[in-house]
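# Residue-level structure breakdown
Listed below, chain by chain, are the residues.
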Amino acid sequence: MIGGLKKRGKRSIDWWMTKKQVLSRMFPPAAVVMIGTLASRILGIAREIIFATKYGAPPELDAYQAAFQLPDLLTRVFVIGAFSSAFIPVFASYLETDRKQDAKKLADVITTWLIMILVVLSLLIFILAPVLVPLIAPGFDEVRRQSTIVLMRIMLLSPILLGMSNVLSSILNSHHKFFAATLSPIMYNLGIIMGALVFEPLVGIVWGLGLGVAFGAFMHFAIQLWPVARLGFKFSWDLDFKFEGVKDVIRLATPRMIGLAIAQADMFVDVILGSFLPVGSIALLNYANRLQTMPVGIFGMAIATACFPVFVQKSVKKDWQGFNQVLFKNLKYVLFFTIPTTVAMVLMRVEIIRILFGQSGKLSWFETRSVAFALSLYAISIFAQSTVYILSRAFYAVQDTKTPVVASLISVGLNSLLSFILVITVQHFSMLALSYSIASLVNMTLLFVMLHHKLGGFKINSFLQSLLAILSSSLVMGLAIWAMRYGLQNFLDLSRVRDLAIEISICSLVGVGIYFVSMSALGKNEMGNFLNSFKKGKKC
């Protein structure tokens with residue numbers, strides 16, 4: 001098992017020089033990533049609010065969501081798959097062994113081949129769009145099908161731009177430069193918002209939204225050009241596929257790319273089944289999905305991104321005790337934030353949807369309640385989705401990218417089966433959210449069990465104590481929010497936006513206060529520990 005992992009000598013991923021430097025660097029980047037992710041997610045919600053306010057759930061938005069699938073597949077498989085788990089470790093290993101020329105050559109070769117692959121595949125999809133769209137959304141009528149074809153062809157610019165952009169992000173992250181890379185998704189969301197507000201009035205909803213995605217991808221790329229140039233990197237076209245580092249990247253990336261392709265099947269299943277449901281179902285499901293991914297991104301993705309280098313350093317040094325400490329401390333942080341978030345989101349689901357999407361009158365009361373119900377079903381797995389990010393990074397750190405693929409394959413298969421059964425039985429888009437949550441819980445459980453086996457066991461007494469405190473405090477918080485909502489209904493006119501905002505604010509503030517007081521009463525100071533971890537020099 002772990003003891004048998006190959007030694008890689010100087011080429012091993014020994015990025016961060018000393019223990020003090022590793023630990024001090026971990027959470028300042030986490031602060032940057034979390035704040036940037038929060039801003040990006042807020043803009044993502046703002047984008048959906050603009051869509052709901054301007055359009056509601058028209059057939060064009062169904063087409064918009066369906067058109068994203070193939071461009072998004074290219075981005076996830078060839079961009080995220082290649083760089084989140086493969087390029088950064090190899091590139092950083094060159095930097096830390098003073099092989100800067102090799103690092104630059106690796107970046108040039110990978111970028112060259114990535115651009116070529118993405119251009120060829122994008123052109124192929126562009127040509128075959130009339131054939132592929134009916135396969136992605138077989139239940140669409142001719143109007144939605146044609147809109148999807150046009151949107152998809154415009155959006156195919158985005159994987160190419162995002163591919164180049166993620167090369168830049170990987171270079172910056174390897175140099176511990178997180179700011180520009182964190183700004184890039186913010187710029188992407190701003191571009192899409194511009195599509196709805198600026199381009200759409202000029203060229204119509206289909207072309208406007210499509211151009212917004214392409215423009216957002218361009219800004220995602222452009223914002224990082226200058227910071228990378230300051231590091232002395234200048235791209236050169238290089239086709240040297242036999243360069244030694246390329247093999248390492250392919251070896252690490254292949255399982256991850258397969259896993260992401262499998263995971264993307266979840267979205268394809270949603271679109272395929274949603275296309276047979278009433279018009280607007282795909283768009284309505286997306287409103288709920290967008291909201292639930294916000295805490296997942298802020299807490300799960302951001303913390304996992306920041307702790308990954310520490311996992312790698314502990315793995316290289318065979319410090320498995322330290323590895324476990326980092327793992328469970330970050331799992332506690334994730335659960336500390338996500339479990340009460342789930343409780344609050346479930347209890348206030350209708351209020352949240354009404355104040356964000358329901359005030360324009362574009363969504364009917366039935367649609368508002370349907371989105372709220374889907375949100376609550378998504379929310380029950382927020383902690384699981386966030387935990388999967390941490391557990392997956394732990395596997396990547398020990399150079400095991402295959403196990404997460406196996407877990408993902410099982411969960412995707414389960415999600416597809418449940419989605420088909422539930423949608424056919426209930427005939428409502430919210431069932432897609434329920435099946436996704438069940439599959440996420442299974443994915444988390446499989447990863448935890450397999451990591452336990454790989455590392456030869458966990459010492460989890462302290463973790464279980466914290467988990468029990470989090471669950472108990474979340475329950476107390478939930479009861480307080482429920483009582484507060486019931487009481488405020490007698491004093492507020494919840495048909496008015498102002499009173500609705502007052503109810504949400506009071507319930508949220510009271511709930512958060514009670515949650516912290518309850519945690520403190522149980523002797524747990526997770527929030528204080530988390531905040532202290534942002535300070536340089538603090539041990540993670």
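Residues numbered from 1 in each chain as written. Predicted model: local features only at pLDDT ≥ 70, side-chain atom pairs only at ≥ 80, totals over all residues. Heavy atoms only, no water.

### Points about empty space enclosed by the protein
Inspection of the entire model under this criterion finds 5 cavities of 30 Å³ or more. Taken as a whole, the second largest cavity encloses approximately 100 Å³ of empty space. Together, Gln 65, Gln 69, Met 267, Asp 270, Val 271, Ile 282, Leu 285, Asn 286, Asn 289 and Tyr 378 line the second largest cavity. Elements that contribute at least two residues to the lining of the second largest cavity include exactly helix 10 (244-274) and helix 11 (281-316). Taken together, the residues of the lining of the second largest cavity sort by class into 5 nonpolar, 4 polar and 1 charged. (1 Å grid on protein atoms, 1.4 Å probe; cavity = no way out; pocket = protein on both sides within 12 Å on 5 of 7 lines; lining within 4 Å. Points joined across faces, edges and corners; volume = space filled by probe spheres on them. Helix = DSSP H or I, 4+ residues; strand = E, 2+ residues; numbered from the N terminus. Nonpolar A, V, L, I, M, F, W, Y, C, P; charged D, E, K, R; others polar.)

### Considering the packing of helix 4 (residues 100-136) against helix 10
Close contact between helix 4 and helix 10 brings their axes to 14 Å; oriented N to C, the two are set at 25°. In terms of axis orientation, helix 4 runs roughly parallel to helix 10. The chirality of how helix 4 crosses helix 10 is right-handed. Counted together, Asp 102, Leu 106, Val 109, Ile 110, Leu 135 and Ile 136 of helix 4 and Glu 244, Gly 245, Val 246, Val 249, Phe 268, Val 271 and Ile 272 of helix 10 form the full contact between these two elements. Each residue belonging to the contact of helix 4 with helix 10 can be placed in one class, and the counts come to 10 nonpolar, 1 polar and 2 charged. (Axes fitted to C-alpha atoms, helices over the stretch in contact; angles between N-to-C directions. Parallel < 35°, antiparallel > 145°, perpendicular 65-115°, else oblique. Left-handed = near helix turned anticlockwise from the far one by under 90°. Contact = heavy atoms within 4.5 Å.)

### Observations regarding the layout of surface pockets
Empty space among the atoms becomes apparent when a probe as large as a water molecule is rolled across them. Of the voids in this model, the largest pocket is the one considered here, and its volume is about 840 Å³. Together, 25 residues line the largest pocket, and Thr 341, Ala 344, Met 345, Ile 352 and Ser 508 are the ones closest to its centre. Among the elements of the structure, helix 1 (19-54), helix 11, helix 12 (320-347), helix 13 (349-357), helix 18 (461-488) and helix 19 (497-521) are those that each provide at least two residues to the lining of the largest pocket. A total of 6 residues in the lining of the largest pocket trace back to one element, the largest contributor, which is helix 12. Within the lining of the largest pocket, the residues separate by chemical class into 23 nonpolar, 2 polar and no charged.

### Examining the environment of Asn 189
With respect to the helices and strands, Asn 189 occurs in helix 7 (residues 179-203). Taking the C-alpha atoms as reference points, Asn 189 and Leu 43, 146 residues apart in sequence, are found 6.1 Å from one another. If we skip the residues at most four places from it in the chain, Asn 189 touches Ser 40, Leu 43, Gly 44 and Arg 47.

### Quick notes on a nonpolar patch on the surface
A grouping of Leu 124, Phe 126, Ile 127, Leu 128, Val 131 and Leu 135 is seen on the molecular surface, where their side chains present a nonpolar patch of about 590 Å² in accessible area. Tracing the sequence through the fold places Leu 124 in helix 4. (Patch = residues over 30% accessible without salt bridge, like charges linked within 9 Å, V, L, I, M, F, W, Y side chains within 5 Å. Areas by Shrake-Rupley, 256 points an atom, 1.4 Å probe, with all protein chains shown as cover. Salt bridge = Lys/Arg side-chain N within 4 Å of Asp/Glu carboxyl O.)

### Focus: helix 18
Between its terminal C-alpha atoms helix 18 stretches 41 Å, which fits the 40 Å expected from 28 residues at 1.5 Å a residue. Here helix 18 has its buried residues at Phe 463, Ser 466, Ala 469, Ile 470, Ser 473, Ser 474, Met 477, Gly 478, Ala 480, Ile 481, Arg 485 and Leu 488. (Expected span 1.5 Å × (residues − 1). Buried < 20%, exposed > 50% of the residue type's maximum accessible area, 1.4 Å probe, protein only.)

### A look at the confidence of the model for the chain
With 86% of its residues at a pLDDT of at least 70, the chain reaches an overall mean of 80. When mean pLDDT is taken per element in the chain, helix 17 (residues 430-454) scores highest with 92 and helix 20 (residues 526-532) scores lowest with 64. (pLDDT = per-residue confidence, 0-100.)

### Notes on the environment of Gly 322
Here Gly 322 lies in helix 12. Overall, the relative accessible area of 5% leaves Gly 322 in the buried class. Remark: the alpha-carbon pair of Gly 322 and Val 310, spanning 12 residues in sequence, is separated by 9.5 Å.

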